[in-house]
Amino acid sequence: MNASNPDWSHRFAGRMDGMHASEIRELLKLLARDDIIAFAGGVPDPALFPTAAFADAFSAVLAGPGGAQALQYSASEGHGPLRAWIAARMGAQGMPCTADNILITNGSQQALDLIGRLFLSAGDTALVQAPSYLGALQAFDAYEPRYDLLPGPGDNRTPAAYTAAAGEAGGSAKFAYVVPDFANPTGETMDLPGREALLDLAEGLDAAVVEDAAYAALRYDGAALPSLLSLDIARHGTIDAARTIHCGTFSKTLAPALRVGWVCAARPLVDKLVLLKQAGDLHSATVNQIALLRVLEGGYDAQVEKVRAAYRARRDAMLAALERHMPASVAWTRPRGGMFVWVTLPPGLDGAALLRRAVAEAGVTFVPGAPFHALGGGANTLRLSYSLATPAQTETGIARLGALVAEMARAA
């Protein structure tokens with residue numbers, strides 16, 4: 001007797017209706033094609049990974065007297081010496097804290113998931129930018145929030161107005177999420193008045209601020225601005241009185257496959273996040289944390305400078321190619337760091353339609369802008385990443401893309 005395959009859809013939790021595959025993750029499947037010039041994923045260049053340093057570190061850890069313990073279960077908070085190294089580093093950057101304020105996570109993506117789980121009940125409001133990092137929206141979507149947009153230039157919306165709107169939706173405003181430095185997807189940086197205004201808004205709402213600092217180390221031009229957490233600590237005296245939750249990662253500067261990120265926040269928040277991590281995966285890989293610490297101690301600053309130099313040249317190549325090849329009706333951001341340029345097409349041109357033709361006719365990938373908008377919009381925008389393509393590939397790819405945009409604009 002042949003039994004039909006079961007239909008599971010009616011058994012799934014309601015939250016699954018709002019969860020969809022990442023357009024970026026799907027586009028990454030095209031990276032293996034030799035005929036594709038990839039401007040899609042914000043993927044670090046593997047040629048820049050300190051492979052030899054990690055080979056030495058893992059060998060030393062596993063061959064040493066603590067090798068067996070490195071393969072054992074360990075504390076949910078993370079490897080103590082690594083947490084201490086991060087705390088010292090953050091203190092030197094104006095964010096005084098201790099190892100007790102640090103939780104090691106499986107990349108900053110897990111940090112975002114844990115934060116969503118900690119704060120969001122169905123119907124609660126998360127304040128985000130438009131556009132905003134797609135991975136964060138996906139992490140938060142699992143907890144069925146309502147989204148509202150953070151104020152833009154000239155927007156005088158008050159905390160009371162945000163509170164009223166959140167209450168009408170059946171919840172409250174729980175946190176504001178931002179990537180203040182070289183944002184994914186736009187490459188833009190929040191200025192100092194904007195950072196202070198965001199902290200003012202969060203205080204007025206009695207809400208948290210989630211600072212995603214994934215790209216903060218990748219500065220190519222200008223002086224660094226103080227982090228939101230450092231400004232918050234300066235206001236309130238100590239990290240345990242601050243409302244900002246700072247998320248960091250080593251994925252962009254060292255290697256993403258290790259999946260080592262961290263949260264730095266007030267101790268009561270870290271304690272709750274530890275409980276959630278225990279329930280989710282017990283702890284991050286011990287051996288990865290120990291080996292990573294050896295690499296950090298052996299020359300992290302030199303590694304960061306190497307990565308900066310490489311990506312700065314690729315950023316410059318992309319901006320120059322855009323100037324040469326894009327029609328005058330196209331605009332784009334000019335990032336001072338990070339991995340991304342945000343492009344605005346003429347009204348009426350659709351980024352998703354452009355992508356279909358770009359892949360088929362030009363052998364070029366990018367990410368359409370609409371998925372980065374939590375409340376819709378952005379159809380005539382797209383994100384370009386310059387982290388993988390060589391300057392020669394960038395010149396060729398942007399020339400092809402510019403010609404296609406010009407053709408579609410004429411036909412529109």
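Being a predicted model, the structure only gives us computed values, none of them experimental.

Caption draft 1: Region of the structure containing the pattern of salt bridges. The full count for this structure, using the stated rule, is 22 salt bridges. Here Arg157 and Asp148 are joined by a salt bridge, their closest N and O atoms 2.7 Å apart. On the accessibility criterion, Asp148 (8% relative accessible area) is buried. Here Arg267 ties to Asp271 by a salt bridge, and the two come within 2.9 Å at their closest N and O atoms. Taken together, the residues span about one helical turn, with Arg267 and Asp271 both in helix H10 (residues 267–281) at a distance of 4 residues.

Caption draft 2: Quick peek at the packing of aromatic side chains. Counted by the stated rule, this structure contains 10 aromatic pairs. For the ring pair Phe54 and Phe58, a centre distance of 6.4 Å and an interplane angle of 40° mean the geometry is tilted. A residue pair is termed a helical-turn pair when its members lie 3 or 4 positions apart in one helix, as Phe54 and Phe58 do in helix H2 (residues 51–63) at 4 residues. Residue class for Phe54 comes out buried when judged on its relative accessible area of 9%. Judged by centre distance (5.8 Å) and plane angle (85°), the rings of Trp342 and Phe372 are edge-to-face. In this pair, Trp342 sits in strand E10 (residues 340–344) while Phe372 sits in the loop between strand E12 (367–368) and strand E13 (381–385), placing the two residues 30 residues apart along the sequence. The rings of Trp85, Phe250, Trp262 and Tyr300 are connected pair by pair, giving a single aromatic cluster. Here the guanidinium or amino end of Arg157 rests over the ring plane of Tyr162, the centre of that ring lying 3.9 Å away.

Caption draft 3: Summary view of helix H12 (residues 351–362). Along H12, the positions that sit buried rather than exposed are Gly351, Leu354, Leu355, Ala358 and Ala362. One face of H12 carries all of its buried residues, which in axial projection span an arc of 105°. Among the exposed residues of H12, those pointing more than 90 degrees away from its buried face are Arg356, Ala360 and Glu361. Where H12 ends, the next residue or the one after it, Gly363, has phi of about 65°, a positive value.

Caption draft 4: Structural view of the nonpolar core. Core analysis: the biggest nonpolar cluster contains 70 residues, and Phe175, Tyr177 and Leu384 have the highest contact counts within it. A per-element tally of this core places helix H11 (residues 286–325) first, with 7 residues. With 33 residues, the next largest nonpolar core counts Trp85, Val260, Leu293 and Tyr300 among its residues.

Caption draft 5: A look at the sheet that holds strand E7 (residues 244–249). Taken together, the 7 strands give an open sheet; going across it, the order is E2-E8-E7-E6-E5-E3-E4, and neighbouring strands pair in mixed fashion. The strands lining the two open edges of the sheet, one partner per strand, are strand E2 (102–105) and strand E4 (146–149). With strand direction ignored, the average angle separating the axes of adjacent strands in the sheet is 25°. Relative to strand E8 (residues 261–264), E7 is paired through 4 bridges, and the arrangement is antiparallel. In the strand pairing of E8, Thr249 is matched with Gly261.

Caption draft 6: Representation of the sheet that holds E13 within the structure. A sheet is described by the order of its strands in space; here 4 strands give the open sequence E9-E10-E13-E12, paired in antiparallel fashion. Here the strands that pair on one side only, and so sit at the sheet edges, are strand E9 (331–332) and E12. Across 5 bridges, the pairing between E10 and E13 is antiparallel. Of the residues in E13, the one forming a bridge with Val341 is Leu384.

Caption draft 7: View of unusual backbone geometry. Of note, the bond from Ala130 into Pro131 is cis; its omega dihedral lies within 30 degrees of zero at 5°. Considering the arrangement of structural elements, one finds Pro131 in the loop between strand E3 (125–128) and helix H6 (134–141). For the bond from Asn184 to Pro185, the omega torsion is 25°, close enough to zero to count as cis. Summarising the element assignment, Pro185 is placed in the loop between strand E5 (173–178) and helix H8 (192–205). With a phi angle near 55°, Glu144 is a residue other than glycine that sits in the positive phi range. Position of Glu144 relative to the elements: it lies in the loop between H6 and E4. Looking at Glu144, the relative accessible area reads 38%, which means it is partly exposed. If you check the backbone angles, Phe182 has positive phi at about 55° while not being a glycine.

Analysis parameters
Residues numbered from 1 in each chain as written. Predicted model: local features only at pLDDT ≥ 70, side-chain atom pairs only at ≥ 80, totals over all residues. Heavy atoms only, no water. Salt bridge = Lys/Arg side-chain N within 4 Å of Asp/Glu carboxyl O. Buried < 20%, exposed > 50% of the residue type's maximum accessible area, 1.4 Å probe, protein only. Helix = DSSP H or I, 4+ residues; strand = E, 2+ residues; numbered from the N terminus. Phe/Tyr/Trp six-rings, centres within 6.5 Å; stacked < 30°, edge-to-face > 60°. Lys NZ or Arg CZ within 6 Å of the ring centre and 35° of its normal. Arc of directions from axis to C-beta. Core = buried A, V, L, I, M, F, W, Y, C linked by side-chain atoms within 4.5 Å. Pairing = 2+ DSSP bridges. Axes fitted to C-alpha atoms, helices over the stretch in contact; angles between N-to-C directions.

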